[in-house]
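# A structural walkthrough
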Amino acid sequence: MKKSLFILTLLIGSMTVQAQSTKDARIKEIRAAYAQAKKKIEQNGKGGKSPKDMSIVLNRMEDEEIYLYDMEELTYYFDETIENDIVKKHPYFITEKWSNHGHTRYREVMLDPKSQQVMFCFMHGETDAGFVVESRYYYDTKGQCIEQKHNTHNNWTEDNGEKENAEYYLKIFNLVNYNGYFTTLDTDKPQKPTTPKAERMKHIRATYAKAKDKIAQNSKKDDPDELSIKIHEFGDDRPPRTTVTHINFEKKGEPTYQNDNPFYCYFINSHTSSMGYDSYAEYLFEPETSDLIFSYTRGREEGEQHEWRYYYDENGDCIETKSNSEETDEGFYDKRQAKDYLAIYKLLMSEGSEE
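Parameters and conventions
Residues numbered from 1 in each chain as written. Predicted model: local features only at pLDDT ≥ 70, side-chain atom pairs only at ≥ 80, totals over all residues. Heavy atoms only, no water. Helix = DSSP H or I, 4+ residues; strand = E, 2+ residues; numbered from the N terminus. Expected span 1.5 Å × (residues − 1). Buried < 20%, exposed > 50% of the residue type's maximum accessible area, 1.4 Å probe, protein only. Core = buried A, V, L, I, M, F, W, Y, C linked by side-chain atoms within 4.5 Å. Contact = heavy atoms within 4.5 Å. pLDDT = per-residue confidence, 0-100. Phe/Tyr/Trp six-rings, centres within 6.5 Å; stacked < 30°, edge-to-face > 60°. Lys NZ or Arg CZ within 6 Å of the ring centre and 35° of its normal. Salt bridge = Lys/Arg side-chain N within 4 Å of Asp/Glu carboxyl O.

With 23 residues, helix α3 (residues 197–219) ought to run about 33 Å at 1.5 Å a step, and its terminal C-alpha atoms sit 33 Å apart, in line with that. The complete set of buried residues in α3 reads Arg200, Met201, Ile204, Thr207, Ala211 and Asn218.

This is the structure we're talking about:
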C-alpha cells in the first residue's frame, strides 16, 4: 500500500513538473512571437513595401449636456496570401485605443496568423482620477488561459472576457474583408404601399441633399460623429490599394428598452484607389428605417469611367436607372453591399454601446 502511494506521488509530481515545463515553454513561445510581431509592425509600410493594415475609428457624442464623448480606434495588422486566386488576409496583431469622459483604455491582442487563435491579450486602463490597471493573459494552442498577471487585485477584465473581446474584434475584421457578400436580401418581406414615381424621386433627391448638408455640418464640429474604416492592402493586380469607407450616423433620442442604440445610419460612401484603378460608391438610407433608397457607383479603369445611379421605392425595388454603361442590374449588387455595410455598422455600434 505504501509502495503504491509512493508511486502515485511520483507520478503526480512528474505530471506537475511536465505541465509547468509545457506552460513555461508556451509562455516563452508567446513572448518570442510578440517580439517578432512588434518588429513586423514597426516595419509595416517601410522600405518601399506596401503597408498591410486596417483601422476603424468610431467617435460619437453620447450626451451633449455633460459632454460625454466616446472615442475608439481599432488597428489590425495582417499578412496576405493567395489561395486559389483569392487573396486572404491573416491578422496577427490588433490594438484598441478607447477614451470616454477622462477614462482611457489600451488593448493589444496577438493572434496565431494561421489558426487565428488568440495567443496573448494585454489591457492597460486608467481612470480620470489616475487609477491604473494592467492585465496580461497567456493562452495555449487550444485557447485556454494558462497564465494571467495583474498589477492590482481590482482588475477590470478576466481571461474569458478578454478572449471573447478578441474574438469580437476578429469577427469584425473577417466581415469587413469577406470575399463576396455575407448577408442575404429579404425577398419575402411584407410589401409596403408605394408613392408615385415622380413623388418618390423628389423625396429621394431631397433626402440626399439633407444628408450631404448633415455631413458638412458634422465635419465642422470640434468633435464630429465619425465611423470610418481604412484598409491598406494589395489589389487584385498586386500594386498597393487603399479603401476608405465613411459610415455617417446621427443620434435620435435616448436608448429605450426596445432599442438600446439610438444612432441611425443615413449615408455611406466608400472610395478605393490603386494604380490604374479607382472606384467610388454612395448609399443613401431612409433615416428612420435604414432602408436603402438610392445608390451611386463609379468605376474608372484604363482610362474608361462608368457610372450607375439606382433609385428605389419603399420596397427596395428599382424604379429608375441612370448609367452610361450597357451593363446594369437594377441595383442588385449595390443592395447586397449596402446591407453588408449596415450589418458591420450595427455590430460596431451595439458593442460600443455596452462599454
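Our focus in this paragraph is the nonpolar core. Of all hydrophobic cores here, the largest spans 45 residues; its most connected members are Met54, Ile56, Tyr76 and Ile172. Ignoring any residue separated from it by four or fewer positions in sequence, one finds isoleucine 56 in contact with Glu72, Glu73, Leu74, Tyr76, Ile172, Leu227, Ser228, Ile229 and Leu348. Ile30, Ala37, Phe120 and Tyr138 belong to the second largest nonpolar core, which has 12 residues in total.

What follows concerns the confidence of the model for the protein chain. Low pLDDT marks regions whose predicted coordinates should not be analysed in detail. Chain-level pLDDT for the protein chain is 89 on average; 88% of the residues reach the 70-or-more range. In the model of the protein chain, helix α1 (residues 2–42) stands out as the element of lowest mean pLDDT, 77, in contrast to strand β14 (residues 318–323), which has the highest, 98.

Here we take up the packing of aromatic side chains. To describe a pair of aromatic rings, you give the distance between the ring centres and the angle between the ring planes. In this structure the tally under the stated criterion is 17 aromatic pairs. Relative to tyrosine 333, the ring of phenylalanine 332 has its centre 5.1 Å away and its plane inclined at 85 degrees; by these criteria the two rings are edge-to-face. Among the residues examined, phenylalanine 332 registers a relative accessible area of 37% and is labelled partly exposed. Here tyrosine 333 falls in the partly exposed class, since its relative accessible area comes to 45%. Ring pairing ties together the aromatic residues Tyr34, Phe93, Phe120 and Tyr138, which thus form one cluster. Looking at arginine 105, its charged tip hangs above the ring of tryptophan 98, at a distance of 4.5 Å from the centre.

Right, let's get into the pattern of salt bridges. Across all of its chains, the model carries 19 salt bridges by this definition. Where glutamate 96 meets arginine 107, a salt bridge forms, and the shortest distance between an N and an O atom there is 3.4 Å. Separated by 11 residues along the polypeptide, glutamate 96 in strand β3 (residues 86–100) and arginine 107 in strand β4 (residues 103–111) bring together distant segments of the chain. Judged by relative accessible area, which is 8%, arginine 107 ranks as buried. Each of Glu96, Arg105, Arg107 and Glu162 takes part in salt bridges that share partners, so that together they form one network.

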